[in-house]
Amino acid sequence: MKSSTILAIESSCDETACAIVQKSPDDGLAKVISSITATSLAKHKATKGIVPEVAAREQLKCVLPVIEEALKAAQVTKEDIDAIAVTTGPGLVGSLLVGIETARALAMAWDLPIISVNHIQAHPYANFVETEENQNAPQFPLLSWVISGGHTDLYLMNSHEDIQHLGGTVDDAAGECFDKCARLLGFDYPGGPFIEKLSLEIDKNDPQFKGKLPRPLIHEKTFSMSFSGLKTAFLRLFKENQTTTDSETLKVSLATELQEAVSDIIWKRTQQALEQHSNVKSVIVSGGVAANKRIREKLAEGLAQAENSPKLYFPPLSLCTDNAAMIGAYASFHLDKQTSWENVGLKLR
Ligand code: KG4
Ligand code: ZN
C-alpha cells in the first residue's frame, strides 16, 4: 500500500523544527526521513528565560531555512509530499503563528492538505517513531506519560483515538520544578540536565539528605500530582544548610534527593494506574523530562517487578525535547484529520 509522506513543522516555543516523516497504513511505526531543529535557546541566556517576542522573531528567521534543509536532507521535493502537519497549540502565540502561517502558505501554494496537531498529544508519538532501538510499536492499551516543562500528565490510551486523561499536576510541571530548583543553585534554563549531572557525582552525595524532601500527594488515591511544594521544600532545605554544608556537597545532595522525589512520584502513579488497568501492555514516556536517566531507571525497575511486565518505551534523547518528528508521526497516524489550509489556525487549548 502507498505510504504517505508528511512535512511536519513545530514552532511552539524556542525550537524551530521541520521533519519529513513517512508511514504506510500497515506500518506500526513512522519512519523519520529527516529531522532538523534550530533553537534560539542561546538568545535567552542573558534574560534567564524565554522572551516570547525574541523567540517569535527567531522563528521567523529560521522557519524557511529549516524547511529547506529538511527537504534537502530527505532528498525529497514538494512533489513527494502528501500532507503538511503543523503544531497549532498550545505554546507561545507569536512562535506558533510563524509555523502555522508558513504551513498554510505552503499548503495553499502546493495544493496540499494540512493536519493540525496539538503539541501535547504529539509528544507521546516520539515513541511511535522507528529507531535503531525501537523496531516494534507500543501495544495498546498503554499508559502514556507526558513530562515536560509545562506538563506532567498521565493518560490511558486504548487506541490512537480512545485516550483517557487519568490525571496530572495540580500546579507546577515536573520540568518546571527541576528548572526552578536548578536556578536556585545558579544554573540556566533548562535546569533538568544540570540536576541530572549533579546527581551523577555520587562521591559528593551526603546520605543525610536522603528522604529529606516531601513526595507531595503520594499517598492520595487519585492521579493528581503536585510539584510546587517540592520546590518550596527544596528552597527551605537549601537555606537551612547553606552555612553548615560545603556548597558542592549541598548542591549534589539536594539535586540527587530532588530527582529521587520526582522519580518516586512518577513511579507511584504508574504503579497505581497498573493496579487499576491490569491489561496495560506498554508504558510510554515522553517530553523533555523523559530524558532523565533516574526516572527511566526507576520505571524500568518497577515495571520489571509488575504483573504482566508491561514493556517500557522511551524515545531517544533527540526526540524527548521539542522536535518535528513527533508532529509528523502523530499526523501519520491521524491522516483522517486532513483539512484545507483555510480551516487551520491557532488552537491554544
Ligand atoms: O518537552 P520540552 O523540551 O519542552 C516543553 O514542552 O516544556 O521539556 C523541557 C523540560 C525542561 O523543564 C527541562 O529542564 C527538562 O525538560 N529536561 C530534563 C532533562 N532534560 C530536559 N529534566 C530532567 N532531566 C533531564 N535530563
Ligand atoms: Zn514539548
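Because the structure is predicted, anything quoted here is derived from the model rather than measured.

Basis of the calculations
Residues numbered from 1 in each chain as written. Chains lettered and ligands numbered in written order. Predicted model: local features only at pLDDT ≥ 70, side-chain atom pairs only at ≥ 80, totals over all residues. Heavy atoms only, no water. Salt bridge = Lys/Arg side-chain N within 4 Å of Asp/Glu carboxyl O. Helix = DSSP H or I, 4+ residues; strand = E, 2+ residues; numbered from the N terminus. Buried < 20%, exposed > 50% of the residue type's maximum accessible area, 1.4 Å probe, protein only. Donors = N, O, S within 2.8 Å, 3.2 Å for Na, K, Ca; no water. Tetrahedral: all angles 85-135°; square planar, octahedral: opposite > 155°, others 65-115°. Near = heavy atom within 4 Å. Polar contact = N/O pair within 3.5 Å; in protein donor to acceptor, adjacent residues only side chain to side chain. Areas by Shrake-Rupley, 256 points an atom, 1.4 Å probe, with all protein chains shown as cover. Nonpolar A, V, L, I, M, F, W, Y, C, P; charged D, E, K, R; others polar. Pairing = 2+ DSSP bridges. Right-handed = clockwise from strand over helix to strand, strands pointing away. Axes fitted to C-alpha atoms, helices over the stretch in contact; angles between N-to-C directions. Contact = heavy atoms within 4.5 Å.

A. Up close: the pattern of salt bridges. Across all of its chains, the model carries 18 salt bridges by this definition. For D264, the salt bridge identified is with K298, shortest N-O distance 2.6 Å. With D264 in helix α7 (residues 247-276) and K298 in helix α8 (residues 293-305), this residue pair connects regions lying 34 residues apart in the sequence. Residue classification places K298 among the buried residues on the basis of a relative accessible area of 15%.

B. Representation of the coordination of the zinc ion (ligand 2). For the zinc ion (ligand 2), the protein coordination sphere consists of H119 (NE2), H123 (NE2) and D322 (OD), at 2.1 to 2.2 Å. Bound by 4 donor atoms, the zinc ion (ligand 2) shows angles of 92 to 137 degrees at the metal and therefore irregular coordination geometry. Along the chain, the residues donating to the zinc ion (ligand 2) fall in the pattern H-x3-H-x198-D. According to the relative accessible area criterion, H123 is buried, its value standing at 2%.

C. Up close: the site of ligand 1. Neighbouring ligand 1 are 20 residues; G149, D179, G192, E196 and G288 lie closest to it. One of the backbone N or O atoms of G175 is found 3.2 Å from an oxygen atom in ligand 1. Contact with the protein chains removes 90% of the 550 Å² of surface that ligand 1 exposes when unbound. At the level of secondary structure, the elements contributing two or more residues to the shell around ligand 1 comprise α4 (174-184) and α5 (192-199). Among the residues forming the shell around ligand 1, the class breakdown is 5 nonpolar, 12 polar and 3 charged.

D. The pairing of strand β4 (residues 83-89), seen in detail. Burial of β4 is extensive: 7 of the 7 residues sit out of reach of the surface. Looking at chain direction, strand β1 (residues 4-10) and β4 are connected through 4 bridges and run parallel. Residue L7 lies in a different strand from β4, and its bridge partner there is I84. Handedness of the crossover joining β4 and strand β5 (residues 114-118) through helix α2 (residues 93-110) is recorded here as right-handed.

E. Here's a closer look at the sheet that holds strand β9 (residues 282-286). Pairing is mixed across the open sheet formed by 5 strands, whose spatial order is β8-β7-β6-β9-β10. Both edges of this open sheet fall to β8 (163-168) and β10 (311-313), since each of them pairs with a single strand only. Along the sheet, successive strands turn relative to each other by an average axial angle of 20 degrees, direction set aside. Pairing of strand β6 (residues 142-147) with strand β7 (residues 152-157), which is carried by 6 bridges, proceeds in the antiparallel orientation. The residue of β7 that forms the bridge with S144 is Y155. Along the sheet, α7 contacts β6, β7, β8 and β9; its crossing angle with β6, the most-contacted strand, is approximately 155 degrees.

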